[in-house]
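Descriptive analysis of the structure
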Amino acid sequence: MDIFSKIAAGEIPSYKCAENDQFYAFLDINPLKEGHTLVIPRREIDYIFDMEDEELAAFEVFSKKVARAIKSAIPCKKVAQIVLGLEVNHAHIHLIPMDSEADVNFRKEHLKLTEDQFKEIANRIYSEFNKL
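Throughout this document, residue positions are counted from 1 along each chain, in the order its sequence is written. In keeping with the predicted nature of the model, local features appear solely for residues at pLDDT of at least 70, side-chain atom pairs appear and are counted solely at 80 or more, and the whole-chain, interface and lining totals rest on all residues. Heavy atoms throughout the structure, all of them, feed into the side-chain values; hydrogens and water do not.

A closer look at the layout of surface pockets
- Of the pockets and cavities examined, the largest pocket occupies roughly 360 Å³.
- Lining the largest pocket are 20 residues; nearest its centre among them are F4, D28, I29, N30 and L38.
- Each helix is a run of DSSP H or I of at least 4 residues and each strand a run of E of at least 2, with the numbering of both proceeding from the N terminus. Elements with a minimum of two residues in the lining of the largest pocket: α1 (3-8) and β2 (23-27).
- The leading source of residues in the lining of the largest pocket is α1, at three residues.
- By the convention adopted, Pro, Cys, Tyr, Trp, Phe, Met, Ile, Leu, Val and Ala count as nonpolar, Lys, Arg, Asp and Glu as charged, and the other residues, Gly among them, as polar. Its residues assigned to classes, the lining of the largest pocket comprises 13 nonpolar, five polar and two charged. Only protein atoms enter the 1 Å grid used here, on which a cavity is any set of points holding a 1.4 Å probe that cannot leave and a pocket is any open set flanked by protein within 12 Å on both sides along at least five of seven lines; residues with an atom within 4 Å of a point are listed as lining. Grid points are joined across faces, edges and corners, and a volume is the space filled by probe spheres set on the points.

Put into structure tokens, the structure is as follows:
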């Protein structure tokens, strides 16, 4: 079981933002911006484009709902969707609140947030997600 599967299973703590039976969303612990969220399939699969069409479509629809929750919880112009996938061998989408393209530069210094800040941000997103 990879690290993301352990997070989705609750074996490793995370700051949950949203979930359903197929997918799980949680705050990135090394965020570029407040609200930087990772969305993963619960099923272990390394490469997003190896997902079956129906699963990939459902993954995008779930991510869209999470992005809407982020935008409601975190003031921003848009929520960026980025797929990199080299750090962890588990398909995932980065959803990052943005006001400019500079906000999604992975080479810039990442935020250092406290546990209380992470909890508060995750709770806001989770609350907005459950309203949708």
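Focus: helix α3 (residues 115-131)
- In this scheme, a helix's expected span is set at 1.5 Å multiplied by one less than its residue total. Along its 17 residues, α3 runs 24 Å from first to last C-alpha, staying within 8% of the 24 Å computed at 1.5 Å per residue.
- Those residues of α3 not exposed but buried are F118, I121, A122, I125, E128 and F129. Projected down its long axis, α3 carries its buried residues within an arc of 130°, all on one side. Those residues of α3 that are exposed and angled more than 90 degrees off the buried face are D116, N123 and K131. Remark: exposure states derive from per-residue accessible area (1.4 Å probe, protein chains only) relative to the maximum for the residue type, with buried under 20%, exposed over 50%, and partly exposed in between. Taking the helix axis as origin, the arc is that swept by the directions to the C-beta atoms.

Comments concerning the environment of I40
- Considering the arrangement of structural elements, one finds I40 in strand β3 (residues 37-41).
- On the basis of relative accessibility, which here comes to 0%, the residue I40 falls in the buried class.
- Placed 19 residues apart in sequence, I40 and F59 show a C-alpha to C-alpha distance of 8.0 Å.
- The contact definition used throughout considers only heavy atoms, calling two residues in contact when any of these lie within 4.5 Å. Excluding its chain neighbours within four sequence positions, the residues that come into contact with I40 are F4, A8, Q22, F23, Y24, F26, F59, H90, A91 and H92.

Comments concerning the packing of aromatic side chains
- Aromatic pairs are defined between Phe, Tyr and Trp rings, using the six-membered ring for Trp, whenever the two ring centres lie within 6.5 Å; interplanar angles under 30 degrees are classed as stacked, those over 60 as edge-to-face, and all others as tilted. Under the criterion given, the structure shown has seven aromatic pairs.
- Their ring planes at 75° and their centres at 5.6 Å tell us that F4 and F26 sit as a pair that is edge-to-face. One end of the pair, F4, is in helix α1; the other, F26, is in strand β2, and 22 residues separate them in sequence.
- For F4, a relative accessible area of 7% puts it in the buried group.
- Measuring from centroid to centroid gives 4.8 Å for Y15 and F118, while their planes differ by 15°, and the two rings are stacked. In this pair, Y15 sits in the loop between α1 and β1 (16-19) while F118 sits in helix α3, placing the two residues 103 residues apart along the sequence.
- The class for F118 is buried, based on a relative accessible area of 7%.
- By the criterion adopted, a ring carries a charge over it if an Arg CZ or a Lys NZ lies within 6 Å of its centre and within 35 degrees of its normal. When the ring centre of F129 is taken as reference, the NZ or CZ atom of K65 above it lies at 4.5 Å.

A closer look at the sheet that holds β2
- In this analysis, strands are considered paired if DSSP registers two or more bridges between them. In spatial order, the strands read β1-β2-β3-β5-β4; together these five strands make up an open sheet with antiparallel pairing. Either end of the sheet is taken by a strand with one partner, and the two such strands are β1 and β4 (78-82). Within this sheet the neighbouring strands show an average axis-to-axis angle of 20°, counted without direction.
- Here β1 runs beside β2; their pairing, made up of three bridges, is antiparallel. In the strand pairing of β2, A18 is matched with A25.
- Whenever a helix is involved, its axis is fitted only over the stretch in contact; in every case the axis is a line through C-alpha atoms, and angles between N-to-C directions fall within 0 to 180 degrees. Packed on one face of the sheet, helix α2 (residues 53-73) meets β1, β2, β3, β4 and β5 (93-98) and runs near 155° to β3.
- Strand contacts of α3: β1, β2 and β3, with the helix running at about 25° to β1, the strand carrying the most contacts.

In short, geometric facts, not functional conclusions.
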